[in-house]
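Given next are the chains, with one letter for each unit.
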Amino acid sequence: METMKPLSINSYLSASEIERHLENVEFIIMAAPSMMPPSEPQIHFTFFLNTSDPIPREIQPKILEKFCQEHGISGVKHLLSNLERVAFAQTSQETPMPRHLIDDAEANTIPWKLLHIIDFVGESDNFQEAKDGLNGWSYSYN
């Protein structure tokens, strides 16, 4: 049986590196196992939209619906759709890992960028790795 090691963070991108890194990024999708009880959806999704502009409330459900349709996601619960602080961690993976910074003290020590995120739990057969206990992210470029 193969043992999976936790992903370790080596460093974070600086503010200027974040700007360069996001130049042609449309969005980033992250999927991870949910921490919710088994009766709840079992995949935690975060979509990081490459915009710091406020998205009108009436447009946000349409964006979520489009993402869910394109990625086969259903059973959406516990939705957060807002401008939030996002840092980018260098790990052993090829692309930097986006991190939603919730803690103010942590945000004061790590460079970050304000991005619109859509965060929720849901179900999908397209993200088996997350159901198997792994985290992952994928970048979509313009």
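We now turn to the structure provided with this report. Every value quoted in this text rests on a predicted model; they were computed, and no experiment measured them.

**Remarks on the overall build of the protein**
Piece 1. From N to C terminus, the protein includes 4 helices and 7 strands.
Piece 2. Secondary structure of the protein in N-to-C order comes out as β-α-β-β-α-β-β-α-β-α-β.
Piece 3. What you see for the protein is a C-alpha radius of gyration of 15 Å, in line with the 14 Å of a compact globule of 142 residues.
Piece 4. For the protein, the spread of C-alpha atoms along the three principal axes comes to 45 × 40 × 30 Å.
Piece 5. Relative to its 142 residues, the protein shows a buried fraction of 40%.
Piece 6. For the protein, contacts bridging at least 24 residues in sequence account for 76% of all contacts bridging at least 6.
Piece 7. In the form shown here, the protein has an accessible surface area of approximately 8,500 Å², with 51% of it arising from carbon and sulfur atoms.
Piece 8. Placing the 10 positive and 20 negative side-chain charges of the protein at their respective mean positions leaves the two points 2 Å apart.

**Describing the pattern of salt bridges**
Piece 1. Summed over the entire model, instances satisfying the criterion amount to 7 salt bridges.
Piece 2. Between E70 and K66 there is a salt bridge, and its shortest N-O distance comes to 3.0 Å. Highlighted residues: E70 and K66, both in helix α2 (residues 60–71), separated by 4 residues, approximately one helical turn.
Piece 3. E70 sits in the partly exposed class, given a relative accessible area of 46%.
Piece 4. Residue R85 is joined to D104 by a salt bridge in which the shortest nitrogen-to-oxygen separation is 2.9 Å. With R85 in strand β4 (residues 74–90) and D104 in helix α3 (residues 104–107), the pair connects residues that are 19 residues apart, well separated along the chain.
Piece 5. In the salt-bridge network here, residues are joined through shared partners; they are E123, D125 and K131.

**Some remarks on the environment of A89**
Piece 1. By the element assignment, A89 lies in strand β4.
Piece 2. In contact with A89, not counting residues within four places along its chain, are I9, S11, Y12, P96 and M97.

**Looking at the packing of aromatic side chains**
Piece 1. For the structure shown, the criterion picks out 7 aromatic pairs.
Piece 2. Residues F27 and F67 carry aromatic rings whose centres are separated by 4.8 Å and whose planes lie at 75° to one another, so their mutual orientation is edge-to-face. Note that F27 is positioned in strand β2 (residues 25–33) and F67 in helix α2, a separation of 40 residues in sequence. Each of the two residues, F27 as well as F67, counts as buried.
Piece 3. Centroid distance F45 to F120: 5.4 Å. Interplanar angle 25°. Geometry classified as stacked. Of this pair, F45 sits in strand β3 (residues 43–49) while F120 sits in strand β6 (residues 113–123), and the two are 75 residues apart along the sequence.

**Section: the layout of surface pockets**
Piece 1. Considered as a void within the structure, the second largest pocket measures approximately 330 Å³ in volume.
Piece 2. The wall of the second largest pocket is formed by M30, A32, H44, T46, F48, M97, P98, R99, H100, I102, D119 and N135.
Piece 3. For the lining of the second largest pocket, the elements supplying multiple residues, two or more each, are β2, β3 and β5 (97–100).
Piece 4. Per-class residue counts for the lining of the second largest pocket are 6 nonpolar, 4 polar and 2 charged.

What counts and what doesn't
- Residues numbered from 1 in each chain as written.
- Predicted model: local features only at pLDDT ≥ 70, side-chain atom pairs only at ≥ 80, totals over all residues.
- Heavy atoms only, no water.
- Helix = DSSP H or I, 4+ residues; strand = E, 2+ residues; numbered from the N terminus.
- Rg over C-alpha atoms; globule rule 2.2 N^0.38 Å.
- Buried < 20%, exposed > 50% of the residue type's maximum accessible area, 1.4 Å probe, protein only.
- Contact = heavy atoms within 4.5 Å.
- Areas by Shrake-Rupley, 256 points an atom, 1.4 Å probe, with all protein chains shown as cover.
- Lys, Arg positive; Asp, Glu negative; His and termini not counted.
- Charge placed at Lys NZ, Arg CZ, Asp CG, Glu CD.
- Salt bridge = Lys/Arg side-chain N within 4 Å of Asp/Glu carboxyl O.
- Phe/Tyr/Trp six-rings, centres within 6.5 Å; stacked < 30°, edge-to-face > 60°.
- 1 Å grid on protein atoms, 1.4 Å probe; cavity = no way out; pocket = protein on both sides within 12 Å on 5 of 7 lines; lining within 4 Å.
- Points joined across faces, edges and corners; volume = space filled by probe spheres on them.
- Nonpolar A, V, L, I, M, F, W, Y, C, P; charged D, E, K, R; others polar.

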